[in-house]
Amino acid sequence: MSPLQAHLICLALVAADLAARVWRIQWIVQGLGHRLSAKDAFVLNAFGDAASALTPLRIGGEPARLAGMLRSQVPAAAAFVALSLEALAAWPVLIVAAGWLMWAYAPAWLDTVGPRLGHAAEQAWPWVATVLLVSIVAWAYARRITSPIGRQLRRPVRRAMVYWRRMPRWPLVASVPLSVINLASRVAILPVLAWTLPEPPPLGPTILGSFALLYSQLLLPTPSGAGAVELGFLGGAAGDFGEHQGWLLLAWRFYTNGIGVALGIWLAVQTYGWPALRKLVRSGPPEVRESASG
């Protein structure tokens, strides 16, 4: 595969991911009895992508998406329920995919990638120790600021339960294939980029490594798993990319994180302006604080 073909396919995969997530949250909000346009759904997802990628433990993602929903005139209780239902539809897909990938590719991964990754960790132990220390500091910092955010976002339970009871089944059922598209399109980006190499690594371990590098970011405390993900990538967690690993890492980060961050920041500036955006970064969305306290 030529580099041009690979990049066009990656752009198509990013577009498929964005479209699937727009329809998923739009249909869930519609099932709760409120209207959310595709444009507004796209904007709030972009807010969430940028905030998740730039904050430790991804703690900024859901508050940013909540602010986007409130901006679209979705009531606070319905917005909370919508985000909860979206996670309810997405997590089973993620768990099943992880189990299937482990069953299908873990033996090949251990044979081809495991020894290389272990050797790389031994050789780069000072960097591993540094990343571990930074991760601990980031985790401690995130824990300190999670508590006040949680208080700000404490939802009126009775009002939320009303939406739970009214929610029809069809948005949740429709969300499952959309969650599959979301996961598959993101995981496929690294194998597609790897196909541009003269001698690409085995496909199975690359798919499993791509999944692990992407979704380990949900657990790593640094923003977007910074440091740990790069060490894993360059250490061979998704295969041996040889002398091309530097540009592959850059391109993979661009498609999986960079586009979302750029879109989110640009749309936030267009929506709120730079002065308001700086205030939001320092103190959190005022709409969220008012809605949560009321």
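Residues numbered from 1 in each chain as written. Predicted model: local features only at pLDDT ≥ 70, side-chain atom pairs only at ≥ 80, totals over all residues. Heavy atoms only, no water.

Another point: the overall build of the protein chain. A count of helices and strands for the protein chain gives 13 helices and zero strands. Going from the N terminus to the C terminus, the protein chain shows its helices and strands as α-α-α-α-α-α-α-α-α-α-α-α-α. The 294 residues of the protein chain split such that 46% are buried. Counting only contacts in the protein chain whose residues sit at least 6 apart along the sequence, the fraction spanning at least 24 positions is 78%. Carbon and sulfur atoms form 68% of the exposed surface of the protein chain, whose accessible area is close to 15000 Å². (Helix = DSSP H or I, 4+ residues; strand = E, 2+ residues; numbered from the N terminus. Buried < 20%, exposed > 50% of the residue type's maximum accessible area, 1.4 Å probe, protein only. Contact = heavy atoms within 4.5 Å. Areas by Shrake-Rupley, 256 points an atom, 1.4 Å probe, with all protein chains shown as cover.)

With that settled, consider unusual backbone geometry. The phi dihedral of glutamine 73 is positive, around 70°, even though this residue is not glycine. Structurally, the position occupied by glutamine 73 is in the loop between α3 (61-71) and α4 (76-112). The class of glutamine 73 is exposed, set by a relative accessible area of 67%.

Here we take up the packing of helix α8 (residues 170-194) against helix α9 (residues 203-215). Packing of α8 against α9 brings their axes to within 9 Å, and their N-to-C directions diverge by 125°. It follows from the interaxial angle that α8 and α9 lie oblique. Seen along the crossing, α8 lies across α9 with a hand that is right-handed. Together, Asn182, Leu183, Arg186, Val187, Leu190, Pro191 and Ala194 of α8 and Leu203, Thr206, Ile207, Ser210, Phe211, Leu213, Leu214 and Tyr215 of α9 make up the contact between the two elements. The residue inventory of the contact of α8 with α9, partitioned by class, reads 11 nonpolar, three polar and one charged. (Axes fitted to C-alpha atoms, helices over the stretch in contact; angles between N-to-C directions. Parallel < 35°, antiparallel > 145°, perpendicular 65-115°, else oblique. Left-handed = near helix turned anticlockwise from the far one by under 90°. Nonpolar A, V, L, I, M, F, W, Y, C, P; charged D, E, K, R; others polar.)

On to a nonpolar patch on the surface. There is a patch of nonpolar side chains on the surface, built from Met1, Ile9, Trp195 and Leu203 and spanning about 340 Å² of accessible area. By the element assignment, methionine 1 lies in the segment before α1 (3-31). For methionine 1, a relative accessible area of 39% corresponds to the partly exposed category. (Patch = residues over 30% accessible without salt bridge, like charges linked within 9 Å, V, L, I, M, F, W, Y side chains within 5 Å. Salt bridge = Lys/Arg side-chain N within 4 Å of Asp/Glu carboxyl O.)

Locating serine 37 in the fold gives a position in the loop between α1 and α2 (38-54). Polar side-chain contacts of serine 37 include one of 3.1 Å to the backbone nitrogen of aspartate 40. (Polar contact = N/O pair within 3.5 Å; in protein donor to acceptor, adjacent residues only side chain to side chain.)

In this structure, serine 210 sits in helix α9. Counting along the chain gives 21 residues from serine 210 to isoleucine 189, while the straight-line C-alpha distance between them is 8.2 Å. Discounting residues that sit within four places of it in the chain, serine 210 has contacts with Arg186, Val187, Leu190, Pro191, Ala238 and Trp252.

What follows covers the packing of α8 against helix α11 (residues 245-272). In helix packing, the relevant descriptors are the interaxial angle and the interaxial distance, both defined with respect to the helix axes. Packing of α8 against α11 brings their axes to within 10 Å, and their N-to-C directions diverge by 150°. Judged by the angle between their axes, α8 and α11 are roughly antiparallel. As α8 packs across α11, the resulting crossing turns out to be right-handed. Residues Arg186, Ile189, Leu190, Leu193 and Ala194 of α8 form the contact with α11, whose participating residues are Trp247, Leu248, Ala251, Trp252, Tyr255 and Thr256. Counted by class, the contact of α8 with α11 contains nine nonpolar, one polar and one charged residues.

Quick look at the environment of alanine 51 now. The topology assignment puts alanine 51 in helix α2. For the pair alanine 51 and valine 261, spaced 210 residues apart in sequence, the C-alpha separation works out to 7.7 Å. In this view, alanine 51 contacts Gly60, Gly61 and Ala64; residues no more than four positions away in its chain are not counted.

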